[in-house]
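Given next are the chains, with one letter for each unit.
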Amino acid sequence: MFPNARIAVSLAVLLGLASAANVTTVNVTVTVVAPSKSQPLSSTLLSFSIEQDNWPDWSGIDSRNEFTYNAMMNYANLTGQPPKFRVGADSEDHTVWSPTVTINKDEFPPSNSITPYPEATMITVGSEYYTLSRWLPAGTRMIWGVNLGFNNITNARNMAKAIVAAFSSPSVIESGVILERIEVGNEADLYGSNGLRPSGYWTVQDYVFDWESVALPVIQAAGISTRFGPVTLQGAAFSGQGFTPREIFSLGILESTPGETISTISQHQYSAAFCDGGNEGLTSFMNKTSIRGNLTIFDADIAATYAKGLNYILGETNSVACHGAPGVSNTAGAALWMIDHTLFSSTFGISELYFHEGIGYKYNFLQPITLNYSTIDGSILDPPEPPHIQPPYYGGLVVDTLVGNSGAASIVELDVPENDTTGYAVYESGTLARAVFVNLNAWTTNSTGTRPVVHIDLDFAFGVVSSASARRLVINYADDTSNLTWAGQSYEESSDISPTGQLVLEDINVEEGLDLRATEAILLTF
């Protein structure tokens, strides 16, 4: 079989598309020269947040976890940079350092059908726990979490010392993995409700006082003195809008000694929650309007952050909080949601998104170890399920292909006058280089009739474009949990996540436009 195939596209023949009666035609204007509103596109736009309790499973212990490593290298090969890793989250505030523990000891609550793989309630770590960072791809930059929840200065200082010592060790230095930031506390706006502080008094003023008192010995132990690096603090890490960056700025946190070392402000965002179970609707989840509404709530915080000369990220995000919802987070539809969620974020000042991952979480891009019971309902798996990717991983391939490897691209959202379809253009050196269109219309196994199609006619402004090469993310149904292909290839059939199948690059005559089925994405290279 040829490794690379080009096909001239008559999409109605290629994919058996709908009759003209089920085709919606839209006109989309694409400027050939980057508009002034285009935003810088980070090579690490797609990054990852890892739950701290099961970090050794992700990294590997005596040797690297090859599945994790290969998954990240696929992304690194597209952008020139491996994704960044933040290790922390809920278990960040349940971790203590001990001189008598070598790597880690975790205490987990019982599993149940809603949360088959719960987070640890207590994590005790030793210094070698942090040196496992050496197993990530060379060039990976890391953010490590330190416990604020226990309000224990000695423990926080010990954690910071152990982190810095690990990244100063010969094995980590030789690996090329770099410590970039330390985060003190995770979602502290929830402490009043999760038992880490008395519910009757915990205010944003109390948070600032506690954070400053714990962060000061952390930066002293870590040798951090400025927000200009090489290691800095990551601030806020709030769960949403419980506390806001604007509030802590007004309370003077940035003028405190530890606050002066904050380089980056982080907030967290999920589109819904599955903490107590329930029924999440995939069709309503794949919604252009709701994706934008879930993100634009951060507009004022983003503006305030950049006004202070700081960077802004979503330091933890994913589809549905509390490890994801079955039939939503683990589906092909979530791959399309992830593409639009990520790219829309990049168009208004969110420089990086850290997709949260654990062991056995429904919304994982990949399950990096063998699982013994179902992520959906906790039932025993016989046989156990080996490491594998999930549909959102394909979304990452689309995003990172669009980002490219120059490190200097910019992005703008395109005006697509259709309720379910979104588009973005990417520029290199100010000139149009790539574009992506995503059809969020959920075509599910219960859908009837003929699959809808959006036909996109492209109008180019300030220049001429005659042809394009295309890669297509092909999905049978939005509620599928496997069998996706990206540019004709599967990443599910090999144990090392290498692509199998013939690479399909479509030749697009831009004067004729292009067709995009419901529940599909296409990436154009000009």
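Residues numbered from 1 in each chain as written. Predicted model: local features only at pLDDT ≥ 70, side-chain atom pairs only at ≥ 80, totals over all residues. Heavy atoms only, no water.

Visitor: What should I look at first to understand the nonpolar core in this one?
Guide: Soluble globular proteins tend to bury their nonpolar side chains together. Ranked by size, the top nonpolar core spans 120 residues in total, and within it Trp55, Trp144, Tyr207, Ile339 and Leu473 carry the most contacts. Of the residues that make up this core, three or more belong to each of domain 1 (23–39 + 410–525) and domain 2 (42–403). Once residues lying within four places of it in the same chain are set aside, the contact partners of tyrosine 207 are Leu148, Ala188, Trp202, Ala236, Phe238, Phe243, Ile248 and Ile253. In this structure, Val28, Leu414, Ala425 and Leu524 belong to the second largest nonpolar core, which totals 24 residues. (Core = buried A, V, L, I, M, F, W, Y, C linked by side-chain atoms within 4.5 Å. Buried < 20%, exposed > 50% of the residue type's maximum accessible area, 1.4 Å probe, protein only. Domains from an automatic or database assignment. Contact = heavy atoms within 4.5 Å.)

Visitor: So what exactly am I meant to see when it comes to the packing of aromatic side chains here?
Guide: Two measures describe an aromatic ring pair: the distance that separates the ring centres and the angle between the ring planes. With the rule as written, the count across this model stands at 23 aromatic pairs. On the basis of an interplanar angle of 75° and a centroid distance of 5.2 Å, the ring pair of tyrosine 207 and phenylalanine 238 is categorised as edge-to-face. Residue tyrosine 207 is located in helix H8 (residues 204–222), and its partner phenylalanine 238 is located in strand E11 (residues 232–238); the two are separated by 31 residues in the primary sequence. Classification of tyrosine 207 by relative accessible area gives buried; the value is 0%. When the centroid spacing of 6.0 Å and the interplanar angle of 85° are considered together, the rings of tyrosine 394 and tyrosine 491 count as edge-to-face. With a gap of 97 residues between them, tyrosine 394 in helix H14 (residues 392–403) and tyrosine 491 in the loop between strand E24 (485–486) and strand E25 (503–509) connect regions that are remote in the sequence. Overall, the relative accessible area of 1% leaves tyrosine 394 in the buried class. (Phe/Tyr/Trp six-rings, centres within 6.5 Å; stacked < 30°, edge-to-face > 60°. Helix = DSSP H or I, 4+ residues; strand = E, 2+ residues; numbered from the N terminus.)

Visitor: So what exactly am I meant to see when it comes to the domain arrangement of the chain here?
Guide: When the parts of a complex come together, some accessible area is lost, and that lost area is often taken as the interface size. When the domains of the chain are assigned, the result is domain 1 (23–39 + 410–525) and domain 2 (42–403). Taking the mean C-alpha position of each, domain 1 and domain 2 sit 29 Å from one another. Taken residue by residue, the interface counts 43 residues in domain 1 and 35 residues in domain 2. Buried area between domain 1 and domain 2, summed over both chains or domains, comes out near 3,000 Å², and the portion from carbon and sulfur atoms is 70%. Counting the contacts that link domain 1 with domain 2 gives one salt bridge. Put simply, arginine 292 and glutamate 413 hold a salt bridge, and the shortest N to O gap is 2.8 Å. For the side of domain 1 that touches domain 2, the secondary-structure elements that each account for two or more residues are strand E19 (410–414), strand E20 (421–428), strand E21 (431–439), strand E23 (467–474), E24 and strand E27 (520–525). (Buried area = accessible area lost by both parts, 1.4 Å probe. Salt bridge = Lys/Arg side-chain N within 4 Å of Asp/Glu carboxyl O.)

Visitor: Even after reading the chapter, I still don't get the sheet that holds strand E22 (residues 453–461), so can you show me in this structure?
Guide: As a general point, the strands of a sheet are linked pairwise by backbone hydrogen bonds and lie either parallel or antiparallel. Taken together, the three strands give an open sheet; going across it, the order is E2-E22-E26, and neighbouring strands pair in mixed fashion. If you trace the sheet from one side to the other, it starts and ends with strand E2 (23–31) and strand E26 (514–517), each paired once. Each adjacent strand pair in this sheet contributes to an overall mean axis angle of 30°, direction not counted. Note: E2 against E22, nine bridges, orientation parallel. Directly across from threonine 25, in E22, lies its bridge partner histidine 455. (Pairing = 2+ DSSP bridges. Axes fitted to C-alpha atoms, helices over the stretch in contact; angles between N-to-C directions.)

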